[in-house]
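The lines below spell out each chain.
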Amino acid sequence: MGELSAYGQLLRAQARAQASYRASFGIDLFVSMLALGFDVLSVIVLYQVTPDLGGFNLREAMVITGITAAAFATADAGIGSVERLRVLVRTGQLDALLLRPLPALPQLVLTELSLRKLSRVLFGVVVLAVAVAAAPIQWTPARAALIVLAPTAGAVFFGAVFVATASVSFWWVESGEVGNAFTYGGRDLAIYPVTAYQGWFRRIFCYGLGFATVAYYPALALLDRPDPLGAPAWLGWVSPLVAAVAVGVAALVWRAGIRHYRSTGS
Amino acid sequence: MSYLTASGESVRIRVDPGGTALFVSLIRAGFRRYATYWQAALAGLFTNTVFGLLRCYVLLAVVAGAGGSAAGYSGPQLVTYTWVTQGLLAVVMLWGWTDLSDRIRSGDIVTDLLRPASPIRTYLAIDLGRAAFALLSRFVVPITVGALVFTMFVPQRGSTWPLFVVSVALAVVLCFACRYLVNCVAYWLLDSRGPVIAWQLASGMLAGLGFPLRFLPDWLVAVLWIGTPFPSMMQASVDVVIERDPVGTQVAIVGWQAVWAVAMLALCGLVQRRAERRMVVQGG
């Protein structure tokens with residue numbers, strides 16, 4: 001209980017601090033929403049020059065885009081602030097968090113949390129809702145469950161990617177943008193049908209790293225379409241499992257990183 | 001030129017007509033400064049390459065879906081488009097420059113203003129040095145990867161090469177001027193984060209990084225080209241190098257970039273002078 005109330009206070013302090021500069025907060029909130037809008041807009045723009053992308057029309061592809069948008073926005077708002085880790089490691093500020101009698105990760109996430117990202121979650125959910133309403137889906141109880149399950153598991157998966165890639169800075173302080181390739185890159189990858197990618201790139205990123213299970217296979221299950229790449233239909237339901245594995249890996253990487261951490265000493 | 005010191009002595013300083021020697025040595029300093037961060041360059045390189053692969057496959061899928069040509073671009077042209085934009089991203093440095101606004105907020109800007117050189121010229125020189133390093137480190141590698149993995153369009157006309165070089169140089173200057181202006185917001189707002197994020201979003205999308213601007217409706221493309229500097233910062237150079245248009249149009253594109261570059265630099269000068277007149281330096 002003591003821990004929970006400590007986290008609650010961290011969160012409240014953060015909320016008060018960010019809302020105290022009203023104009024800045026307002027601009028941030030608005031701009032933040034545009035960020036996700038641009039991503040979704042890109043997909044629509046591409047469909048203006050082609051009726052078909054990787055064997056999917058716009059309505060079908062938007063289901064994939066919507067699941068990814070909602071999942072990523074949730075992960076980004078919840079745990080995305082962990083990317084600030086590289087700054088804390090470089091400046092040695094992480095020491096302050098490690099000295100307190102609370103686990104470092106939740107502290108880091110709460111003290112760096114940015115409330116403006118909450119507007120993206122709302123926007124992501126709206127995109128998903130519109131996409132699902134416009135898509136030709138035969139509703140069953142299982143599919144209704146999947147429409148909640150898929151973005152949730154996707155959010156957990158992206159959250160694990162955020163933590164795992166941020167942890168790289170424990171070993172490589174100057175790693176800078178490397179994490180972006182997997183977090184924002186993973187989002188950009190997963191908003192399009194996997195059939196768009198080819199060769200070793202598809203094998204490594206979509207299947208090896210598991211990004212195909214975030215939105216592509218759940219969307220196939222929702223749309224009742226067989227996979228053009230020949231994978232079995234049950235792949236649409238494995239995203240919670242993949243997310244659980246990702247969380248396990250991220251936790252291991254994080255722990256190894258914390259143990260490896262040596263303060264800058266300055 | 002000579003300066004009078006407090007004790008009344010006149011000190012002669014090395015003659016530097018027009019500040020050329022200073023400008024050149026600042027360019028060199030900028031190059032060296034960014035060359036020190038080679039690890040960051042390596043990390044950025046990796047990220048650019050992953051995004052390049054991703055965008056390239058998606059655009060090739062678009063061309064395949066559209067039947068071999070999308071908005072007048074062939075597959076190989078879009079491959080070149082993807083890798084040149086990924087390479088140019090670091091050269092023009094669309095994102096991540098807050099040096100000026102940081103110094104305004106902290107008050108360090110005073111040091112810059114006390115120097116006997118215009119801050120715009122100083123920062124421009126350093127930025128040119130930075131761009132030169134980025135050209136060697138972050139432009140060459142993605143292009144090579146793209147050429148190895150995909151079939152790339154190679155310019156057919158001899159005149160395209162010099163036009164491309166001039167176009168990239170103008171894009172660097174123009175992008176610098178725009179970044180300088182966005183940073184100048186800090187003179188008035190102090191917290192320039194909102195405008196900086198807005199700039200990042202608008203520039204990424206409207207400069208032609210996500211998709212070629214011609215994918216948009218014609219009227220919108222015209223509005224963007226004529227009314228905003230964004231297409232001149234990246235799409236212009238790419239359209240030149242993939243020979244999307246005849247030579248005359250290529251020259252016109254580069255000329256239009258020059259107009260924007262001069263206009264935005266002039267605007268920087270104006271804004272800087274206004275800011276200096278009203279500024280209250282942050283103490284502390």
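Computed from a prediction, not measured in an experiment: that's the story for all the values here.

Some points on the overall build of chain B
Link 1 in the chain: A count of helices and strands for chain B gives twelve helices and four strands.
Link 2 in the chain: Taken against the 2.2 N^0.38 rule, which gives 19 Å for 284 residues, the C-alpha radius of gyration of chain B at 21 Å falls within 12% of a compact globule.
Link 3 in the chain: Burial status across chain B gives 46% buried among its 284 residues.
Link 4 in the chain: Relative to all contacts within chain B whose residues are 6 or more apart in sequence, the contacts with residues 24 or more apart total 80%.

Some details on the interface of chain A and chain B
Link 1 in the chain: Taken together, the 33 residues of chain A in the interface contact 29 residues of chain B.
Link 2 in the chain: Only helix H2 (22–49), helix H10 (178–182) and helix H11 (184–190) of chain A provide two or more residues apiece to the side of chain A that touches chain B.
Link 3 in the chain: A per-element tally of the side of chain A that touches chain B places H2 of chain A first, with twelve residues.
Link 4 in the chain: Here the side of chain A that touches chain B is composed, by residue class, of 18 nonpolar, ten polar and five charged.

Comments concerning helix H8 (residues 141–166) of chain A
Link 1 in the chain: Its 26 residues give H8 of chain A an end-to-end C-alpha distance of 38 Å, which sits within 8% of 38 Å, the value for a rise of 1.5 Å per residue.
Link 2 in the chain: Its axis deflected by about 25 degrees at isoleucine 147 of chain A, H8 of chain A carries its strongest bend there, up to four residues before the proline proline 151 of chain A.

Considering the environment of phenylalanine 23 of chain B
All names here are of chain B.
Link 1 in the chain: With respect to the helices and strands, phenylalanine 23 occurs in helix H1 (residues 20–36).
Link 2 in the chain: On a C-alpha basis, the gap between phenylalanine 23 and leucine 124 in space is 8.8 Å, while along the polypeptide they are 101 residues apart.
Link 3 in the chain: Apart from residues no more than four positions distant in its own chain, phenylalanine 23 is found in contact with Arg121 and Ala125.

What about the packing of helix H6 (residues 119–149) of chain B against helix H7 (residues 160–189) of chain B?
Helix-helix packing: each pair is described by the crossing angle between the helix axes and the interaxial distance.
Residues and elements named next belong to chain B.
Link 1 in the chain: It is the contact of H6 with H7, at a shortest axis distance of 10 Å, that shows an interaxial angle of 130 degrees. With respect to each other, H6 and H7 are oriented oblique. When you trace H6 past H7, the crossing you get is right-handed. Residue-level contacts link Ile120, Tyr123, Leu124, Asp127, Leu128 and Ala131 of H6 to Val172, Phe176 and Tyr180 of H7.
Link 2 in the chain: For the contact of H6 with H7, the residue count by class is eight nonpolar, no polar and one charged.

Points about the packing of helix H1 (residues 2–19) of chain A against helix H6 (residues 104–112) of chain A
Residue and element names in this part refer to chain A.
Link 1 in the chain: With their axes 8 Å apart at the nearest point, H1 and H6 run at an angle of 20 degrees to one another. By the angle between their directions, the pair H1 and H6 is classed as roughly parallel. Note on element contacts: H6 touches H1 through Pro106, Gln107, Leu110 and Thr111, opposite Tyr7, Leu10, Leu11 and Gln14.
Link 2 in the chain: Across the contact of H1 with H6, the residue classes break down as five nonpolar, three polar and no charged.

Describing the confidence of the model for chain B
Link 1 in the chain: Mean pLDDT over chain B works out to 88, with 92% of the residues at or above the 70 mark.
Link 2 in the chain: The spread of mean pLDDT over the elements of chain B runs between strand S1 (residues 2–4) of chain B, the lowest at 53, and helix H10 (residues 230–233) of chain B, the highest at 96.

Description of the UniProt feature "transmembrane region" (unreviewed entry) in chain A
Residue and element names in this part refer to chain A.
Link 1 in the chain: When the UniProt feature table is mapped onto this chain numbering, "transmembrane region" (unreviewed entry) sits at residues 25–49, 61–82, 121–139, 145–173, 204–222 and 234–254.
Link 2 in the chain: The straight-line gap between the two end C-alpha atoms of residues 121–139 is 24 Å; of that span, 74% is helix and 0% is strand.
Link 3 in the chain: As annotated, residues 234–254 comprises 76% helix and 0% strand, and the C-alpha atoms at either end are separated by 31 Å.

Definitions and limits used
Residues numbered from 1 in each chain as written. Chains lettered and ligands numbered in written order. Predicted model: local features only at pLDDT ≥ 70, side-chain atom pairs only at ≥ 80, totals over all residues. Helix = DSSP H or I, 4+ residues; strand = E, 2+ residues; numbered from the N terminus. Rg over C-alpha atoms; globule rule 2.2 N^0.38 Å. Buried ≥ 20, exposed ≤ 12 C-beta atoms within 10 Å, placed from the backbone. Contact = placed C-beta atoms within 7 Å. Nonpolar A, V, L, I, M, F, W, Y, C, P; charged D, E, K, R; others polar. Expected span 1.5 Å × (residues − 1). Bend = angle between axes of the 7 residues up to and from the residue. Axes fitted to C-alpha atoms, helices over the stretch in contact; angles between N-to-C directions. Parallel < 35°, antiparallel > 145°, perpendicular 65-115°, else oblique. Left-handed = near helix turned anticlockwise from the far one by under 90°. pLDDT = per-residue confidence, 0-100. UniProt positions renumbered as here; feature names shortened; annotations may be inferred.

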